[in-house]
Amino acid sequence: MGLVRYIASRVGSYLVVLFVGLTVTFFLPRLLPSDPVEQYIYELQSQAGQTLSPDEMASLRETLSQIYGLEGSLFSQYLGYLERVVLHFDFGPSLSSFPTPVLEFIRRALPWTVGLLATSVLISWVIGNLVGLLAGFFHDSRGATVLEVLGVMLYPIPPYIVALVLIMLFAYIWPIFPLTTTIRPGPLTFEKIRTILYMSFLPALAIVMTRLGWNILSMKAVSFANKEEPYVTYARLKGTRPRTIMTGYVGRNSILPQITRLSLSLGAIFSGVVLIEILFSYPGLGLLMRVAAGTGDYNMMYGTIVITIFAVATAALAIDLLYPLFDPRIRYR
Amino acid sequence: MIRLNNIVATYTTVRGQVDAVDGVDLTIPRGKIVGVAGESGCGKTTLLKVIYGDLIYPLALRQGGVEYEIDNVGYRVETKNGRQVTTSNIKDFWFKHISYIPQSSMSSLNPVVRIRKQFVDFMDAEQRKANVLEEIREYVTSLDLPPEAIDAYPHQLSGGMRQRIMVAMATFFKPDIILADEPTTALDVVVQKGILLLLMDIQAEMNNTIIIVSHDMGVHYQIAHKMLIMYAAKAVEFGDSEDVFKAPLHPYTKMLIESLPTIGDDQMRKGIAGRPPSLWEDLHGCRFAPRCPLATELCQTQEPELIEHKPGHFAACHSLR
Amino acid sequence: MKMNIRLKIGIIILAIFTLGSLILPFFMEVDPSRQGTYPKNMPFSLEHPLGTNSLGQDIFWFLVIAVRNSLMLGVSVSCVTTFVAGSLGLIAGYVGGWLDRVITALMDTAIAIPAFPILIVLSTLVRGNTSFWLVGVILVFFGWPWSARSVRSMALSIREREFISMAKFSGSTTLEIVRREVFPYVYALLVVAFIDAILWVTTTEAALAVIGLSKVEIPTLGSIIFWALSYNALFIGEYIWVVAPVVTTVILFLGIFLTSTGYNQMYATRRGHDV
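Residues numbered from 1 in each chain as written. Chains lettered and ligands numbered in written order. Predicted model: local features only at pLDDT ≥ 70, side-chain atom pairs only at ≥ 80, totals over all residues.

K.L.:
In this structure, what is going on with the overall build of chain C? I would like to understand it.
P.N.:
Assigned secondary structure in chain C consists of 9 helices and 0 strands. When the elements of chain C are put in sequence order from the N terminus, they spell out α-α-α-α-α-α-α-α-α. Considering chain C as a whole, with its 275 residues, one finds that 47% of them fall into the buried category. Long-range pairs, those at least 24 residues apart, make up 69% of the contacts in chain C with a sequence separation of at least 6. (Helix = DSSP H or I, 4+ residues; strand = E, 2+ residues; numbered from the N terminus. Buried ≥ 20, exposed ≤ 12 C-beta atoms within 10 Å, placed from the backbone. Contact = placed C-beta atoms within 7 Å.)

Structure (structure tokens):
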């Protein structure tokens, strides 16, 4: 029962990742030398420019401790945390925008991030793999070498550089696109959709360019190797048309390791998306994180981290579960 | 008949060029099973590729050519002024009039595509009519396979079944010529026998030409009508297999046959000492001379020619004069 | 050693950068990170090859120090990361058993969790007390799984290989076996892992700095961009302040990457594969 075992192991890893992720997020602040309550009070005071009386400070400390879930023993805190987060997705209220719950902000921001990420990754996946397949199949042609060089040059460029270059070129020098993303709330009209596409274009382009190099290079390498496989040679000897060989034989087999690699790199991809969101002030999770970091809004930060871990792990699981559709050797024993 | 005109076939590698077939000149009759035997690296697979017309880089025809007729259309490939010239596009005939069963049959099937799709994806649209699948199923059953086999993926079938599928694919259009490269390697003896019997049946029924390459003399003993023995890119003996097995002319053939086990014979089998010469070096004289018990000074300097010593029985050896 | 063209270009670039960042600082007259040393926003001149910025710093010398700091951080963290990755990978792959399972679980979790968001949180938590090296330690935590994976799979495949059994049968000790048979393969892998780690560490630190979450007082390739953006360099037309580090970063990273793949290609060819 190969398929059942495969699914079980994937779901198992998924749960382990979630568990470890949640636990690490829980222990992180408690292990570091700073005390979030004290830090908050300190910042409050330096911002407000006044000091609190000892009584006010004591009650503030107590309230904060409750909000942070710092009451009770470590173990009870842990259990309480798990219960709140896993069952209710309750991260408490945002500290800088008290009393709006963190979940509310996340709910607003998540669709943006998911939309941007899904679209850009899909585009770079399709284009990159197609180009890579062609480059690997026609390995000896000049075009393939050009594509390889292109891939090599794109790959090491970090996302923030791509974002900066795009901003410089298309928001400053030739100001076609806006510097920051401003989208007015309101109903989803056709006009609004156009605005969204317009604002999202540069960040999406940045993500696509960042991922394209990797897709092209890895697909080219796999395709080139698979081209030498006996079943490809045999297909040729049967008189199969080159196009069928490229798609049905090389392509179908080369896409398999690519799917696995995609699932593994989702963490890295998400990191890149976060960075790009921040640089473009795109209203997604990334911006929430950055703002929370700046204002010391711990609830917001942990909320976004947990959601991130959850989203990335779930997406990876989804990809892993789709894999058997492409590889019959896993589907049937 | 298939005419081999002094073929010299070369491989281009990073180390340079090497002639894998060096001057093979003979006529292969049609309607027979021809066995090609010899050690690894003697050029038998390359010869097969040349006959099939699979002259793709790094393999090239440096000299000579091949000639035969398929379906009343002549096919000739030869080298004129260093350039390879083909009279008709052999690729149009591939698998319809001339078939090839490759060496690593185990992994020659696309692992992620169903067998039935691999059966048809090399056909033109006009051949791919709706009832072709039914015909394929029938044909496959006649080869001792369950009809559901073609709905499966390659990894779901056993090695023997996969080999039968390969034979089925290669013979479906009843080709005139079938080239089989080591069709029984990596199969156990019982399965081997099945495949060989299958090939014999097909040949008897379709009366086509089958050229089988194998380093296993036992295989040739069972089914070949004619035998071609190759050594170090040269043809050293050619004739009816009965003659070759009962009264071999070339010392190498004698040693090959003596290494065959016989039931009831308790004597130790003799292997052949030494190894074939490296084709990278400049070779003079008879290439078998270093290992030959009958070698003389003449053998070291002058290459023997393939001469008809008895009717229909050719050999290349100085000792036969 | 026959070097292919990638490796050649990569090494040349790296050599220029390394020698530059080691030697050039001796020619500095002032500490480039000191503000107000020179008049602000001056164009190119012989005295200031890249001009000065809004903080009165000479851009060229600042860049030199920035490169040096980025490289230093990258190389030192990479040493530790590669050592950790190599050791854990070898142990997991070669020893196997429950130890392997634990290490693999850690590895897979570390890969699945996106590093950057966690780094954002960590950097704010330690904001008051960040030392540059703490950033490095955090980077090691996230950097080791990638290379460890490759080392582990290589160790696994080597364990299966017949020549290990043969060596055992021939009487060599485990240490001899490891040194003679295993190490040559693993060595190449570790070199590549080391170089890739340098790339990753430098990129991540710079990314943090660009959004202002690293120790931005220290000149690095990332913090220089941060200051440029904070002072609206693009807005006021001081493009060179941003363009110079961007171009430098791209060339440096390209050099690192070319060295990495070039070395990989060369070693694969030596082992007899056709790449």
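K.L.:
When you look at the interface of chain B and chain A in this model, what are you seeing that I'm missing?
P.N.:
Think of interface size as the accessible area that goes away when the parts come together; that is how it is often given. Contact with chain B, which involves 19 residues of that partner, is made by 17 residues of chain A. In terms of residue class, the side of chain B that touches chain A is built from 10 nonpolar, 6 polar and 3 charged. (Nonpolar A, V, L, I, M, F, W, Y, C, P; charged D, E, K, R; others polar.)

K.L.:
Mind showing me how you'd approach the environment of isoleucine 223 of chain B here?
P.N.:
Residue and element names in this part refer to chain B. Here isoleucine 223 is to be found in helix α6 (residues 217–223). Judged by the 18 C-beta atoms lying within 10 Å of it, isoleucine 223 is partly exposed. When near neighbours in sequence (up to four residues on either side) are disregarded, isoleucine 223 contacts Ile33, Leu196, Leu199 and Met200.

K.L.:
Even after reading the chapter, I still don't get the interface of chain A and chain C, so can you show me in this structure?
P.N.:
The partner chain C presents 35 residues to the 40 residues of chain A that form the contact. Contributing elements (two or more residues each) for the side of chain A that touches chain C: α1 (2–31), α7 (159–173), α10 (242–280), α11 (285–295) and α12 (298–326) of chain A. Among the residues making up the side of chain A that touches chain C, the classes are represented as 31 nonpolar, 8 polar and 1 charged.

K.L.:
Teacher, can you tell me more about the sheet that holds strand β3 (residues 33–37) of chain B here?
P.N.:
What links the strands of a sheet is backbone hydrogen bonding, and the strands pair in either a parallel or an antiparallel sense. Residues and elements named next belong to chain B. An order of β7-β8-β9-β3-β10-β11-β13-β12 is seen for the 8 strands of this open sheet, with the pairing classed as mixed. Pairing within the sheet leaves two strands with one partner each, and these edge strands are β7 (98–101) and β12 (307–310). Going from strand to strand, the sheet's axes swing by 20 degrees on average, the running direction of each strand aside. Sheet analysis places β12 next to strand β13 (residues 313–315), joined by 3 bridges and oriented antiparallel. (Pairing = 2+ DSSP bridges. Axes fitted to C-alpha atoms, helices over the stretch in contact; angles between N-to-C directions.)

K.L.:
What is the right way to look at unusual backbone geometry in this model?
P.N.:
Cis geometry marks the peptide bond from tyrosine 57 of chain B to proline 58 of chain B; its omega dihedral reads 10 degrees. Inspection of the secondary structure puts proline 58 of chain B in the loop between α1 (44–52) and β4 (59–70).

K.L.:
Whenever I open this one, the environment of leucine 199 of chain C confuses me. Can you help?
P.N.:
Residue placement: leucine 199 of chain C occurs in helix α7 (residues 174–210). For the pair leucine 199 of chain C and valine 64 of chain C, spaced 135 residues apart in sequence, the C-alpha to C-alpha distance is 18 Å.

K.L.:
I would appreciate a short explanation of helix α3 (residues 97–112) of chain C in the present structure.
P.N.:
In an α-helix, one turn spans 3.6 residues; hence positions three or four apart end up facing the same way. Between its first and last C-alpha atoms α3 of chain C spans 23 Å; for 16 residues at 1.5 Å apiece the expected length is 22 Å, and the two agree. Taken together, the buried positions of α3 of chain C are occupied by Met107, Thr109, Ala110, Ile111 and Ala112 of chain C. (Expected span 1.5 Å × (residues − 1).)

K.L.:
Just to check I follow, could you spell out the pairing of strand β10 (residues 226–231) of chain B for this structure?
P.N.:
Consecutive side chains along a regular strand alternate between the two faces of the sheet. Residues and elements named next belong to chain B. Buried residues dominate β10, accounting for 6 of its 6 residues. Burial along β10 is two-sided: Lys226, Leu228 and Met230 and Met227, Ile229 and Tyr231, pointing in opposite directions, are all buried. In this sheet, β10 lies alongside β3 in parallel orientation, the contact comprising 4 bridges. Residue pairing across strands places valine 34 opposite lysine 226, the latter belonging to β10. Counting the residues in the hairpin turn of β10 and strand β11 (residues 234–240) gives 2 residues, including alanine 232, whose phi is positive at 50 degrees.

K.L.:
I tried to follow the sheet that holds β4 of chain B on my own but got confused; where do I start?
P.N.:
Residue and element names in this part refer to chain B. Across the sheet, 5 strands lie side by side as β2-β1-β4-β5-β6; this open sheet has antiparallel pairing. Edge positions in the sheet fall to β2 (16–28) and β6 (83–86), since each has one partner strand and no second. Across the sheet, the mean angle separating the axes of adjacent strands is 15 degrees when strand polarity is ignored. In terms of strand pairing, β4 meets strand β5 (residues 73–80) through 6 bridges, oriented antiparallel. Residue pairing across strands places valine 66 opposite valine 77, the latter belonging to β5.

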